Amino acid sequence: MRTGEKSAGRSGGLGRFLVLNAALYGAYGCLSPILPNVLTARGLSPGEIGALLAAAGALRLVVGPLAGAYADRHRAGRTVLAASLVLTGLATLAHLPAAGFAQLLGPGLAYGVGTAAPAPLADALTLAAARGGTAFQYGWVRAAGSAAFIAATVAAGWLIEARSLVAPVIAGGVLFLAASAAALSVPAAQAVAAGTGSPWSGFSSLIRLTRFRRTVLAAALVIGAHAMHDGFAMILWRGSGIGAGTAGLLWSESVAAEVLVFLFVGPRLLGRIGLPAGVAVAACAGALRWAVLGSTTAIPWIAAVEALHGLSFALLHLACLGLIEEATPSELRTTALALYGTLGLGLSGVLATLASGALYGAFGAAAFWAMAAVSLAALPLVRGLGRV
């Protein structure tokens, strides 16, 4: 074994996972805020943009679990991750010469397929290499991704001002391709017995696990409750007279808190209170956050509760990943993380976003109280999350 390989083995490949997550989430940071604008500039109407994004989202819900199941059955996590990222990078760059719905349909759907699996696959590989925290903490790697997302979002704004919308699209595509190369360099997950039968047998085996079902449902409630904030917080703040610069700082504060919890606070807190209690803390933090946003637009109060994002999202994510590691067999781990990502994080967000639009339209800021109730609805599930 070469010296570099020995070093990677001792550290779990921490440096390589940091590069992978920085490139992956940096690419998302370049593209996520501007993709609708890119589609508009390429001649799509609002209705066509909605239809294309919805179709891509529906594909993610199907492809994500199937990709995870394939990776588990064939012990091919790195290969599937790298292939997904190549497809995503090429699909991103394919947006540039296209114009009109017919030409953008292919790149848009390919982007949906490509982005279905990278996050859960990267998480699965990272958790396996972290070896329960004995090699490194998962939160260190995820914090690097969140920090890269922030930096890339800021850089995308600069690139648009200095160049055009084309520049961040190119940067995002290149970063996805770089992430693909990084994926092939990370250590492979420890070999386990390959699964047998169809992917559906793996799905049904996981769904029969009570702790796994409760974990996914708790995540769906707590994360889903964020949908109103993601869709309408900026609208509420700007409509209340809060300037764009201040609103941007408030939003950035929440992401900075996420990085802090992933990096330092989360692992230590969960080590003291346990994983189920971590879910409870996240649910209560979310409920408090939404209750305050439903009650006031005073900047000091908003600033105080935006910091709770570190608990309502990052702590919840760390706790749920730990519970999934405990509750699911290793040969189905990637499938479990894909189901968690698509159902606990993806589908719940879509449904809650649809509900949020109607609620905010009817009740304005007071609709945030409904999200507080949704977050608290996760608490009865906590009792069944402990080890049997």
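This is a predicted model, so every value here is computed, not measured. (Residues numbered from 1 in each chain as written. Predicted model: local features only at pLDDT ≥ 70, side-chain atom pairs only at ≥ 80, totals over all residues. Heavy atoms only, no water.)

Describing the overall build of the protein chain
Here's step 1: A tally of regular secondary structure across the protein chain gives 19 helices and zero strands.
Here's step 2: Relative to a compact globule of 388 residues, whose C-alpha radius of gyration would be 21 Å, the protein chain shows 20 Å and is just as compact.
Here's step 3: Here the C-alpha coordinates of the protein chain stretch approximately 60 × 50 × 40 Å along the principal axes.
Here's step 4: By sequence separation, contacts in the protein chain at least 24 residues apart represent 84% of the contacts at least 6 residues apart.
Here's step 5: About 16,300 Å² of surface is accessible on the protein chain, with carbon and sulfur atoms providing 68% of the total.
Here's step 6: Counting 23 positive and 12 negative side-chain charges, the protein chain places the averaged centre of each group 8 Å from the other. (Helix = DSSP H or I, 4+ residues; strand = E, 2+ residues; numbered from the N terminus. Rg over C-alpha atoms; globule rule 2.2 N^0.38 Å. Contact = heavy atoms within 4.5 Å. Areas by Shrake-Rupley, 256 points an atom, 1.4 Å probe, with all protein chains shown as cover. Lys, Arg positive; Asp, Glu negative; His and termini not counted. Charge placed at Lys NZ, Arg CZ, Asp CG, Glu CD.)

Details of helix α7 (residues 118-130)
Here's step 1: Compared with the 18 Å implied by 1.5 Å per residue over 13 residues, the 18 Å span of α7 between its first and last C-alpha is a close match.
Here's step 2: All of the buried residues along α7 are Pro118, Pro120, Leu121, Ala122, Asp123, Ala124, Leu125, Thr126, Leu127, Ala129 and Ala130.
Here's step 3: Arginine 131 sits one or two residues past α7 and shows a positive phi near 50°. (Expected span 1.5 Å × (residues − 1). Buried < 20%, exposed > 50% of the residue type's maximum accessible area, 1.4 Å probe, protein only.)

Focus: helix α15 (residues 299-306)
Here's step 1: For α15, every residue scored as buried is listed here: Ile302, Val305 and Glu306. Here the buried residues of α15 occupy an arc of 105° about the axis, which is enough to place them on one side.
Here's step 2: Those residues of α15 that are buried are in contact with α12 (227-239), α13 (244-273), α14 (275-293) and α16 (309-327). (Arc of directions from axis to C-beta.)

Focus on the environment of proline 33
Here's step 1: Here proline 33 shows up in the loop between α2 (14-31) and α3 (35-41).
Here's step 2: Placed 120 residues apart in sequence, proline 33 and threonine 153 show a C-alpha to C-alpha distance of 7.4 Å.

Some points on the nonpolar core
Here's step 1: If you look at the biggest cluster of nonpolar residues, it comprises 41 residues, and the most contacted ones within it are Phe212, Val279, Leu316 and Tyr340.
Here's step 2: In terms of residues, this core owes the most to one element, α16, which gives 10 residues.
Here's step 3: Once residues lying within four places of it in the same chain are set aside, the contact partners of leucine 316 are Ala219, Val222, Ile223, Val279, Ala282 and Leu311.
Here's step 4: The next biggest cluster of nonpolar side chains, apart from the first, holds 38 residues, and it includes Leu31, Leu35, Leu85 and Ala135. (Core = buried A, V, L, I, M, F, W, Y, C linked by side-chain atoms within 4.5 Å.)

Details of the packing of aromatic side chains
Here's step 1: Taken as a whole and assessed by the stated rule, the structure comprises seven aromatic pairs.
Here's step 2: With centroids separated by 6.0 Å and ring planes inclined at 45°, the aromatic side chains of phenylalanine 17 and phenylalanine 136 adopt a geometry described as tilted. Placement of the pair is phenylalanine 17 in helix α2 and phenylalanine 136 in the loop between α7 and α8 (138-162), with a sequence separation of 119 residues. Residue phenylalanine 17 shares its accessibility class with phenylalanine 136, and that shared class is buried.
Here's step 3: Plain terms: the ring middles of phenylalanine 262 and phenylalanine 313 are 6.2 Å apart, the flat faces sit at 90° to each other, and that makes the pair edge-to-face. Pair noted here: phenylalanine 262 is in helix α13 and phenylalanine 313 is in helix α16, with a separation of 51 residues, a long-range link.
Here's step 4: Taking relative accessible area as the criterion, phenylalanine 262 reaches 0% and is therefore assigned buried. (Phe/Tyr/Trp six-rings, centres within 6.5 Å; stacked < 30°, edge-to-face > 60°.)

Brief notes about the confidence of the model for the protein chain
Here's step 1: Predicted confidence across the protein chain gives a mean pLDDT of 89, with 94% of residues reaching 70 or more.
Here's step 2: In the predicted structure, residues 1-9 sits below a pLDDT of 50 and forms five contacts with residues beyond four places in sequence or in another chain. (pLDDT = per-residue confidence, 0-100.)

A word on the side chain of glutamate 306
Here's step 1: Inspection of the secondary structure assignment puts glutamate 306 in helix α15.
Here's step 2: Overall, glutamate 306 belongs to the buried group, its relative accessible area being 0%.
Here's step 3: If we ignore the near neighbours within four places in the chain, the residues touching glutamate 306 are His229, Trp237, Leu250, Glu253, Ser254, Arg289 and Leu293.

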